[in-house]
Amino acid sequence: MFSSFFSAAPADPHAPNFHAVTTNVSDSDLLGPLEPKDTEWLCGGGFATETQTFYFITEDGVTMMYQIIHSAVGLWYPTIQFNCKIYDPKTAQVTWKSVNVTNFVTPPPGLDKKSSKGDEFSITYQSRPGTDHPEAYLLSANLGAELQVSLEVSRPATVSGWKLGKGPKGGYSYFGPDASNPEGYVVHRFWPHVKVEGHVISKGKAEPFSGGGVFIHAIQGMRPNLVASAWNFHHFQSKELGGVSAIQMEFTTCDTHGKAGAGSGPVKVNVGSLVINNKLATVTGVTTWPGDKEGSGTVVSKTVHLNAVLDSETGYKKPNQVAIEWKGPSVVSDAPGVVSGKVEMDVGTLDQPKGLIERVDIMAEIPYVLKAAVSYVAGTKPYMYQTTLQICRLPFDPETARFASHSALCEHPEAFEVARTASRIALTFLPAILIGRNRSRRIVQHAHIHGIPISEEKRARHLKKLKVTTRLLQILTVIPLVLFWATIIASLERTPLTGRWRTILLSPDEEDEIAGQLAGQGWYHAIRDILALEGEPRFIPPSDWRYKWVQETLQQLTQIIPILADERKKALDWINQGPDDPPRPPPAKYPLRPRPRAAEYIHWFCSRVCDNKPALPPRAIAPSSFSLLLVDDPNASNAFSYGFGPDGGSGVVVYSGFLDDIFSKMPIEYYTPPDDRSWLSKFFGFSSPPPPQPAPTPEQTSELAILLAHELAHLVLCHHLETLSSATIVVPGVLSIFADVLRVMVFPFTMLFGPFVNDAVAQLGKIGSGELTKMGEYCTTANQEIEADVVSARILAHAGFDARDAISFWESRTQDDIECHRVETVKSPNSVQTVARSIMGSTHPVNEKRIVYLRNELDRWEAERRAAAAAHARL
């Protein structure tokens with residue numbers, strides 16, 4: 001790349017000396033899937049600068065940039081820079097850290113070149129084939145008390161990574177007259193939408209971090225002052241249309257590069273993409289040469305600055321308004337057409353900004369070593385205007401984005417409420433019918449007993465009235481009962497893996513509402529509110545080795561969830577086991593499947609009638625990732641699971657007292673990590689050798705896994721949703737119907753002593769509801785604990801642990817600390833806090849029955865194994 005610095009003039013001074021990324025790519029073939037090596041570190045020499053940058057936006061509007069820069073512009077050695085910037089719009093607080101990385105290495109031991117690490121940070125790539133998020137990065141940074149970051153960034157399977165153009169040369173723009181031997185190049189690769197979960201500790205304060213974002217791997221293979229005179233970069237995250245992620249990257253070359261050699265520029269290159277409904281909808285790429293009219297082609301990808309005014313401090317013209325536009329062919333196979341979107345933003349003036357975070361003097365923000373190198377090769381003083389805006393809606397064309405939304409065929413009624421309403425309507429007419437019926441009966445009986453003459457016509461009329469009212473009474477009694485039991489039966493479902501019948505009466509809309517409230521940061525906020533009932537909680541940060549240990553163990557258990565969906569094909573051999581081998585479970589009769597939802601089957605049936613023949617809407621079997629919190633409380637030797645739904649809406653809380661108990665029985669061991677410092681650092685003593693690190697033993701990890709598997713089983717089986725349905729719908733509904741019937745029975749007394757009788761019935765209903773709720777919770781949670789024990793043994797076995805250890809583990813636990821902390825059930829859909837409380841059950845102890853069931857389950861595994869082995873031997 002030194003040719004960009006020492007190059008001679010081309011033979012033809014008017015030959016094109018810039019070859020844009022769109023040059024050899026047609027408008028219908030812009031999408032280039034990422035190849036495995038595309039996101040590996042190249043670490044080129046010369047004047048190459050390579051970056052891996054993650055941009056995130058939380059649901060609360062907090063933005064973060066996490067960036068590693070490998071720059072070869074240094075005079076002797078490459079300079080590696082770690083940058084992290086966090087902006088909270090609520091407090092207007094900016095956290096900015098930019099440090100020179102020491103002991104940079106890629107790949108780290110045991111990893112590939114998509115990963116990297118240094119003393120200050122680490123980026124660890126993980127491949128998770130067959131899951132909802134097949135690729136992920138684990139990001140961590142430790143800059144002392146000022147800033148610590150621990151995040152998991154995962155790419156949804158429905159949103160592929162991309163570059164502009166296919167093949168190994170896809171994504172490249174080349175500088176110089178000869179594209180095959182360029183003077184320099186620029187290349188960008190994108191993950192256009194990612195999910196991020198984790199924690200950030202800033203200035204000693206730990207906060208959960210959850211949201212969406214993008215990942216960009218970029219390389220500038222030439223001197224930075226020759227690449228571009230200006231850059232625009234935008235990324236948006238929204239929940240509209242099922243989830244929208246929009247990105248656009250634009251650079252404008254210097255006038256030294258263009259179609260007719262030096263002085264024929266500048267050239268504007270713009271690439272972008274739209275993700276709609278968690279699907280990559282379109283990829284855009286446009287090159288605007290001098291004299292071209294922007295936005296005139298079949299593909300539009302542009303950023304327009306409006307009402308620009310001169311900034312006297314920087315010498316740049318800052319726009320007061322920005323318009324961003326995308327338009328391109330759909331890349332969704334079953335939804336052809338054109339996808340378009342446009343965003344117009346008012347960023348305000350210099351005196352009254354509307355979204356401007358700050359005006360960044362880039363040269364002032366970087367360390368001296370890198371600053372000297374940049375000044376040497378560039379000689380410029382670059383500035384960056386960073387803005388953040390909350391856009392309520394991205395105005396995508398509903399016709400072109402039709403695959404992103406589905407019209408509802410019918411509203412799902414709250415069936416149980418319908419039954420209650422029908423019973424009340426029926427009971428309303430009962431008193432009048434009973435009075436009329438009793439009057440006719442008395443007239444007929446009185447005439448018969450006392451011999452009072454009555455005409456046959458009048459007798460027939462009253463007998464007919466008795467017959468009609470009797471039939472009405474039967475109908476009015478049967479209808480509520482039929483509706484009630486029809487609702488219960490329609491809501492019955494088999495619990496996966498165990499096959500237990502249960503009833504969940506929440507509608508899909510209610511389930512989605514709960515899942516939405518708990519998604520992302522909602523889970524952490526709800527947990528904070530729950531724990532705050534016992535005082536202000538203290539959390540162990542993600543940088544602590546204990547947190548990493550628990551997190552890695554939980555991930556080991558989580559990775560086997562897809563196996564539970566099809567154990568016959570995905571599980572290891574469970575028949576050919578030796579007598580001393582850890583037991584493995586036979587395939588479950590009821591595999592882990594998405595919970596049935598009546599609205600989906602109605603949608604499928606109606607579509608079949610219309611000859612559309614679509615498949616049922618795909619849904620995840622279970623959440624692919626779970627949230628985690630460690631509470632610093634040595635007096636609590638426990639853990640609890642909590643939540644429902646994807647996007648981090650389910651998770652586990654572990655108390656440090658439980659970890660202390662493990663280490664009290666089995667003392668912690670330590671190991672000294674390899675000294676991977678450079679010879680220069682060792683010789684001059686620039687950094688200290690790595691200190692000994694705690695190394696939990698397999699036995700200690702097994703104890704932790706047993707508890708985590710139990711809590712994970714609660715989440716996989718949706719036990720909290722079942723408890724919520726029982727406590728907030730079934731029990732109150734039954735009590736309400738019973739109270740209505742009682743009011744009808746005491747109707748004569750109510751006529752005379754109305755207020756007193758009604759008050760007594762209402763008070764009886766409250767007392768009965770409380771007692772019935774306690775009994776229901778005890779029975780429900782007792783079954784759930786047994787079920788969680790049984791399923792946790794299956795999870796442990798598939799994850800490589802010995803399920804027999806769970807028996808001794810639970811036997812060693814005392815009656816008081818065996819199960820999670822629980823709180824009362826209260827339902828209020830307007831509050832995440834109350835939803836959190838209502839999902840959890842009451843305090844309940846364990847007893848010997850749980851141990852017996854766990855033993856019986858392992859005995860059943862062995863009996864079925866022997867029977868299957870004998871059957872195979874006979875074949």
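Here, the structure is the one placed above.
Since the structure is predicted, the reported quantities are computational estimates derived from the model, not experimental observations.

Help me understand the overall build of the protein, please; the structure alone is not making it clear to me.
Across its full length, the protein holds 19 helices and 32 strands. Here the protein holds 875 residues, and 50% of them are scored as buried. For the protein, long-range pairs separated by at least 24 residues make up 66% of all intrachain contacts whose partners lie at least 6 apart in sequence. As displayed, the protein offers around 41,900 Å² of accessible surface, 57% of which is attributable to carbon and sulfur atoms.

Just checking my understanding: could you explain the pattern of salt bridges for this structure?
Pairing between side chains of opposite charge can happen when the charged atoms of each approach one another. All chains considered together, the criterion is met by 25 salt bridges. With a closest N to O distance of 3.2 Å, D29 and K166 form a salt bridge. You can see D29 sitting in the loop between β1 (18-19) and β2 (31-33) and its partner K166 sitting in the loop between β11 (162-164) and β12 (172-175), a full 137 residues away along the chain. A salt bridge links E135 to K114; the nearest nitrogen and oxygen atoms lie 4.0 Å apart. Taken as a pair, E135 in strand β9 (residues 135-142) and K114 in the loop between β6 (93-100) and β7 (116-117) lie far apart in primary sequence, 21 residues in all. Here E135 falls in the buried class, since its relative accessible area comes to 15%. Ionic contacts of the salt-bridge type, sharing partners, join the residues E493, R500, R502, E722 and E787 into one network.

I'm lost on the sheet that holds strand β16 (residues 244-252) in this one. Help?
Each strand in a sheet pairs with its neighbour through backbone hydrogen bonds, running either in the same direction (parallel) or in the opposite one (antiparallel). Across the sheet, which stays open at both edges, the 4 strands sit in the order β15-β16-β17-β18 with antiparallel pairing between neighbours. Two strands bound the open sheet, and with one partner strand each, they are β15 (230-238) and β18 (279-288). Here the strands of the sheet are splayed against their neighbours by 5° on average, with no regard to which way each runs. Relative to β18, strand β17 (residues 268-276) runs antiparallel, the two sharing 9 bridges. Its bridge partner lying in β18, I276 is registered against K279.

What should I look at first to understand the side chain of T106 in this one?
By the element assignment, T106 lies in the loop between β6 and β7. Since its relative accessible area comes to 16%, T106 is described here as buried. One polar contact links the side chain of T106 to the main-chain carbonyl oxygen of S115, over a distance of 2.7 Å. Once residues lying within four places of it in the same chain are set aside, the contact partners of T106 are W41, C43, K113, S115 and S116.

Honestly, the packing of helix α9 (residues 545-558) against helix α14 (residues 698-716) in this entry has me stumped. Any pointers?
Think of two packed helices as two axes; the pair is described by the angle between the axes and how far apart they sit. For the pair α9 and α14, interaxial distance at closest approach is 9 Å and the crossing angle is 60°. One way to sum up the angle between α9 and α14 is to call them oblique. Read as a crossing pair, α9 and α14 show a hand that is right-handed. Of the residues in α14, those touching α9 at W549, V550, T553, L554, L557 and T558 are Q700, T701, L704, A705, L708, A709 and L712. Considered class by class, the residues forming the contact of α9 with α14 number 9 nonpolar, 4 polar and no charged.

When you look at the nonpolar core in this model, what are you seeing that I'm missing?
Note on soluble globular proteins: their nonpolar side chains tend to be buried together. Core analysis: the biggest nonpolar cluster contains 53 residues, and L557, V654, L659 and I795 have the highest contact counts within it. Those elements giving two or more residues to this core turn out to be α9, β28 (627-631), β30 (650-655), α12 (656-665), α14, α16 (747-798), α17 (805-812) and α19 (848-874). Among the elements that make up this core, the one with the highest residue count is α14 (10 residues). Residues contacting I795, with those up to four places away along its chain left out, are L557, I560, L564, A709, L712 and A713. One finds V25, L30, F175 and M249 within the second-largest nonpolar core, a separate group that totals 32 residues.

Teacher, can you tell me more about the packing of aromatic side chains here?
By convention here, two paired aromatic rings are described through the distance between centres and the angle between planes. Inspection of every chain in the model, using the stated rule, returns 29 aromatic pairs. Through successive ring pairs, a cluster of aromatic residues spans W41, F54, F56, Y66, F82, F104, F121, Y125, Y137, W191, F209 and F215. When the ring centre of W810 is taken as reference, the NZ or CZ atom of R850 above it lies at 5.1 Å.

Quick question: what am I supposed to make of a positive patch on the surface here?
A cluster of basic residues, R439, K458, R461 and K465, forms a positive patch on the protein surface. Checked against the element boundaries, R439 lands in helix α5 (residues 415-450).

I tried to follow the packing of α17 against α19 on my own but got confused; where do I start?
Two numbers describe how α17 lies on α19: the axes approach to 10 Å, and their chain directions differ by 175°. In this view, α17 runs roughly antiparallel relative to α19, as classed from their interaxial angle. Of the residues in α19, those in contact with A806, I807, W810 and E811 of α17 are R850, I851, L854, R855 and L858.

How do you make sense of the sheet that holds strand β19 (residues 300-306) when you look at a structure like this?
Taken together, 3 strands build an open sheet; the order of strands is β19-β22-β23 and the sheet is antiparallel. Both outer strands of the open sheet, β19 and β23 (338-346), are each paired with one neighbouring strand and no more. This sheet shows a mean twist of 5° between the axes of neighbouring strands, independent of strand direction. Here 7 bridges tie β19 to strand β22 (residues 321-329), and the two strands are oriented antiparallel to one another. The residue of β22 that forms the bridge with H305 is V322.

Each value, and the rule that gives it
- For every chain, the first residue of the written sequence is number 1, and numbering continues from 1 along that sequence.
- In keeping with the model being predicted, local features are shown solely for residues with a pLDDT of at least 70 and side-chain atom pairs are shown and tallied solely at 80 or more, while totals for entire chains, interfaces and linings include all residues.
- The side-chain quantities take in all heavy atoms of the structure and omit both hydrogens and water.
- Elements are defined by DSSP. Helices are runs of H or I of four residues or more, strands are runs of E of two residues or more, and each kind is numbered from the N terminus.
- Exposed residues in this analysis have more than 50% of their type's maximum accessible area, buried residues have under 20%, and partly exposed residues fall in between, with area computed by a 1.4 Å probe over protein chains only.
- Throughout, a contact is declared for two residues whenever any of their heavy atoms are within 4.5 Å.
- All accessibility values rest on the Shrake-Rupley procedure with a 1.4 Å probe; residue burial counts only the protein chains present in the view.
- Take a side-chain nitrogen of Lys or Arg and a carboxyl oxygen of Asp or Glu: if they are within 4 Å of each other, that pair is a salt bridge.
- Pairing between strands is defined by DSSP: at least two bridges between them are needed.
- For every element, the axis is a line fit to its C-alpha atoms; helices are fit only across the contacting stretch, and the angle between N-to-C directions ranges from 0 to 180 degrees.
- Counting of polar contacts relies on pairs of N or O atoms within 3.5 Å, with two restrictions inside protein: one atom must be capable of donating a hydrogen and the other of accepting it, and residues adjacent in sequence are counted only when both atoms are side-chain atoms.
- Should an angle fall under 35 degrees it is called roughly parallel, over 145 degrees roughly antiparallel, and 65 to 115 degrees roughly perpendicular, with every other angle called oblique.
- What makes a crossing left-handed is the near helix being turned counterclockwise from the far one by less than a right angle; a clockwise turn instead makes it right-handed.
- Any residue that is not Ala, Val, Leu, Ile, Met, Phe, Trp, Tyr, Cys, Pro, Asp, Glu, Lys or Arg is counted as polar, Gly included; the first ten are nonpolar and the last four charged.
- Only buried residues count toward a nonpolar core, which is a set of Ala, Val, Leu, Ile, Met, Phe, Trp, Tyr and Cys residues joined through side-chain atoms within 4.5 Å.
- Two rings from Phe, Tyr or Trp (for Trp, the six-membered ring) form a pair when their centres sit within 6.5 Å of each other. Planes less than 30 degrees apart are called stacked, planes more than 60 degrees apart edge-to-face, and all others tilted.
- Over a ring means this: the NZ of a Lys or the CZ of an Arg is within 6 Å of the ring centre and within 35 degrees of the ring normal.
- Patch rule: a residue counts if its relative accessible area is over 30% and it has no salt bridge; like charges are joined within 9 Å, and nonpolar side chains (Val, Leu, Ile, Met, Phe, Trp, Tyr) within 5 Å.
- Only four residue types enter the charge count: Lys and Arg as positive, Asp and Glu as negative, with His and the chain ends excluded.
- To locate a charge, take atom NZ for lysine, CZ for arginine, CG for aspartate or CD for glutamate.

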